[in-house]
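Residue strings, one per chain:
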2 protein chains.
Amino acid sequence: MIRRIPQARDRGIPDATVARLPLYLRALNGLAERGTPTVSSEDLALAAGVNSAKLRKDLSHLGSYGTRGVGYDVQYLIYQISRELGLTQDWAVAIVGVGNLGRALANYGGFVSRGFRIAGLLDADPRVVGDRIAGLVVEHTDELEAVIKKRGVSIVVIATPATAAQQVCDRVIASGVTSILNFAPVVLAVPDGVDVRKVDLSIELQILAFHEQRKANGGPIMAEEWPDGVVM
Amino acid sequence: MIRRIPQARDRGIPDATVARLPLYLRALNGLAERGTPTVSSEDLALAAGVNSAKLRKDLSHLGSYGTRGVGYDVQYLIYQISRELGLTQDWAVAIVGVGNLGRALANYGGFVSRGFRIAGLLDADPRVVGDRIAGLVVEHTDELEAVIKKRGVSIVVIATPATAAQQVCDRVIASGVTSILNFAPVVLAVPDGVDVRKVDLSIELQILAFHEQRKANGGPIMAEEWPDGVVM
DNA sequence: GTGCCTTTGTGAACCCACGCACAAAGTCGG
DNA sequence: CCGACTTTGTGCGTGGGTTCACAAAGGCAC
């Protein structure tokens with residue numbers, strides 16, 4: 001049995017930590033723009049909207065990059081987090097589905113500035129094929145496999161209608177892609193080894209509605225006194 | 001000290017459960033469209049992409065709505081979850097910032113079909129004001145407070161550039177809004193009692209990049225054998 | 001060099017969530 | 001009415017994540 005001695009350069013970063021690293025990165029970039037040389041965990045945590053102990057524990061998973069009594073070197077930490085997230089390399093991304101959302105994504109500056117290069121825009125609708133969006137010409141989805149192989153696409157964004165998503169998904173996986181960002185409101189079935197992350201714009205709104213309703217129905221006090229006989 | 005006796009109609013739904021209810025709802029709507037009258041936790045879990053035990057536990061927080069030996073009545077469960085999430089009422093939503101993303105959101109069918117009514121589109125750019133989008137005329141952000149009050153807006157979606165987000169946020173809170181969905185890549189500072197949910201499109205992509213890099217660097221086996229001396 | 005001050009990195013306790021596994025409860029055929 | 005079968009609802013063990021609190025570590029003034 002291999003005993004795992006915890007040490008600084010250990011690789012086994014918790015998912016929860018990975019999910020927050022982009023947040024820290026964003027906050028750090030803001031500080032860097034203003035020329036701040038170093039930052040304490042307290043201040044960075046404030047800027048990122050998290051607890052400072054959590055921030056320190058998160059950063060400790062990448063290594064011991066702080067200086068006690070001083071804080072973290074902003075530039076150095078940006079580099080380390082970027083490297084950990086793999087943002088120091090250039091990722092070729094294809095967007096399938098150029099509706100309103102696909103267009104918004106293609107024009108979204110947050111991708112390009114973080115090492116993501118839009119390498120292809122594809123759509124099944126012939127009326128859209130040929131359009132220039134964000135400097136790219138939209139290609140037909142018939143070209144999907146060719147585009148992926150030719151341009152070394154390793155991440156695919158699915159922004160198609162729900163009905164087309166699974167089919168597109170199957171095809172990109174068959175082409176060797178193992179990272180998919182899905183905006184279509186369906187659960188994609190994928191084999192082991194393929195990562196799918198999903199964003200459903202309406203889910204967040206529904207969660208807000210839940211809390212909003214809760215606030216309206218008698219304030220923050222738990223509504224235990226609810227009439228129990230309401231059965232429909 | 002009040003001892004909390006766990007019971008069916010208890011109101012204290014875990015956040016993790018609330019976050020999944022929209023998922024179940026989506027799966028149920030799919031089943032309803034195909035005319036399925038009842039569904040077992042096993043099948044529904046499969047359709048929603050979760051573990052069946054988790055599904056049952058989640059649903060048990062709303063009440064005991066299943067029938068042992070049979071499953072759940074699809075229509076009835078849709079009603080119950082909708083009610084719990086507050087989707088049986090109509091929510092007036094305003095979208096601030098009508099760039100690519102704001103446009104995509106305004107046209108997104110997933111909102112309207114779940115009881116969210118777009119009651120206002122606002123932008124600071126005079127060139128956009130007056131445009132018709134999704135049947136609405138874009139108004140100037142000067143009208144923000146008026147629109148919120150006049151049309152009973154209770155949820156605001158911020159889709160502005162990062163620099164404008166906090167200011168918009170402050171103004172909508174001053175107008176009495178306590179639920180905000182933020183797409184701008186900044187951490188909004190809000191007083192207690194205000195709910196902010198954020199969606200950062202680039203964060204998901206960065207998480208994917210992390211895992212993708214991990215796969216490339218020596219497969220699924222933990223890359224412990226990494227050279228330890230790389231310090232920049 | 002010494003002592004004080006600041007801030008990191010982490011041990012440890014706590015809390016929530018997940019999932020197994022099973023008893024309870026209901027259906028259905030005969 | 002009964003017994004076999006199906007499926008729910010949940011008690012409980014486990015594991016991961018969050019937070020507190022503090023010792024260790026470095027900077028800085030003198």
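Structure shown above.
Residues numbered from 1 in each chain as written. Chains lettered and ligands numbered in written order. Predicted model: local features only at pLDDT ≥ 70, side-chain atom pairs only at ≥ 80, totals over all residues. Heavy atoms only, no water.

*Asks:* Hey, could you run me through the protein's contact with DNA strand C in this one?
*Replies:* Taken together, 26 residues sit near DNA strand C, with S41(A), R68(A), Y72(A), K57(B) and R68(B) positioned nearest. When atoms of DNA strand C within 4 Å of the protein are split into backbone and base, the sugar-phosphate part holds 64%. One of the backbone nitrogen or oxygen atoms of S41(A) is found 2.5 Å away from a phosphate oxygen of DNA strand C. Within the side chain of K54(B), one N or O atom sits 3.4 Å away from a phosphate oxygen of DNA strand C. Elements that contribute at least two residues to the surface near DNA strand C include exactly helix 3 (52–60), strand 2 (66–67) and strand 3 (71–73) of chain A together with helix 1 (15–33) and helix 3 (52–60) of chain B. Of the residues forming the surface near DNA strand C, the biggest block, 4 residues, is contributed by helix 3 of chain B. Taken together, the residues that form the surface near DNA strand C break down as 7 nonpolar, 10 polar and 9 charged. (Near = heavy atom within 4 Å. Polar contact = N/O pair within 3.5 Å; in protein donor to acceptor, adjacent residues only side chain to side chain. Helix = DSSP H or I, 4+ residues; strand = E, 2+ residues; numbered from the N terminus. Nonpolar A, V, L, I, M, F, W, Y, C, P; charged D, E, K, R; others polar.)

*Asks:* Looking at this model, I keep getting lost on the sheet that holds strand 3 (residues 71–73) of chain B. Mind explaining?
*Replies:* Residues and elements named next belong to chain B. The strand order 1-3-2 describes an open sheet built from 3 strands, whose pairing is antiparallel. Only two strands of the sheet have a single partner each, and these edge strands are strand 1 (38–39) and strand 2 (66–67). Sheet analysis places strand 1 next to strand 3, joined by 2 bridges and oriented antiparallel. Each bridged residue has a counterpart across the sheet, and for V39 the counterpart in strand 3 is Y72. (Pairing = 2+ DSSP bridges.)

*Asks:* In this structure, what is going on with the packing of aromatic side chains? I would like to understand it.
*Replies:* A ring pair, where both rings are aromatic, is described by two values, the distance of the centres and the angle of the planes. Residues and elements named next belong to chain A. As enumerated under the stated definition, the model contains 4 aromatic pairs over all chains in all. A centroid spacing of 5.1 Å and a plane angle of 90° characterise the contact between Y108 and F111, whose relative ring orientation is edge-to-face. For Y108, a relative accessible area of 18% puts it in the buried group. (Phe/Tyr/Trp six-rings, centres within 6.5 Å; stacked < 30°, edge-to-face > 60°. Buried < 20%, exposed > 50% of the residue type's maximum accessible area, 1.4 Å probe, protein only.)

*Asks:* Quick question: what am I supposed to make of the interface of chain B and chain A here?
*Replies:* Where the parts come together, the accessible area they lose is often given as the size of the interface. Taken residue by residue, the interface counts 76 residues in chain B and 76 residues in chain A. Approximately 7,000 Å² of surface area, both sides summed, lies buried where chain B meets chain A, with 62% of it carried by carbon and sulfur atoms. Area buried by chain B at its contact with chain A is led by R26(B), L205(B) and Q206(B), which between them contribute 10% of it. Along the contact surface separating chain B from chain A lie 6 salt bridges. Residue K215(B) pairs with D195(A) through a salt bridge whose shortest N-O separation is 3.7 Å. (Contact = heavy atoms within 4.5 Å. Buried area = accessible area lost by both parts, 1.4 Å probe. Salt bridge = Lys/Arg side-chain N within 4 Å of Asp/Glu carboxyl O.)

*Asks:* So what exactly am I meant to see when it comes to the protein's contact with DNA strand D here?
*Replies:* Close to DNA strand D lie 26 residues, the nearest being K57(A), R68(A), S41(B), R56(B) and Y72(B). The contact atoms of DNA strand D, taken as those within 4 Å of the protein, divide so that sugar and phosphate hold 65%. At 3.3 Å, a side-chain N or O of R56(A) approaches a base nitrogen of DNA strand D. Between a phosphate oxygen of DNA strand D and a side-chain N or O atom of S64(B), the distance comes to 2.9 Å. Per-element tally for the surface near DNA strand D: the top contributor is helix 3 of chain A, with 4 residues.

*Asks:* Before we go on, may I ask you to explain the layout of surface pockets in this structure?
*Replies:* Using a probe with the size of a water molecule, rolled over the atoms, empty space left in the structure can be pinpointed. Put simply, the second largest pocket is a space of about 590 Å³. Breaking the lining of the second largest pocket down by element, the ones donating at least two residues are helix 8 (162–174) of chain A together with helix 1, helix 2 (41–48) and helix 6 (109–112) of chain B. (1 Å grid on protein atoms, 1.4 Å probe; cavity = no way out; pocket = protein on both sides within 12 Å on 5 of 7 lines; lining within 4 Å. Points joined across faces, edges and corners; volume = space filled by probe spheres on them.)

That is the geometry; function is a separate question.
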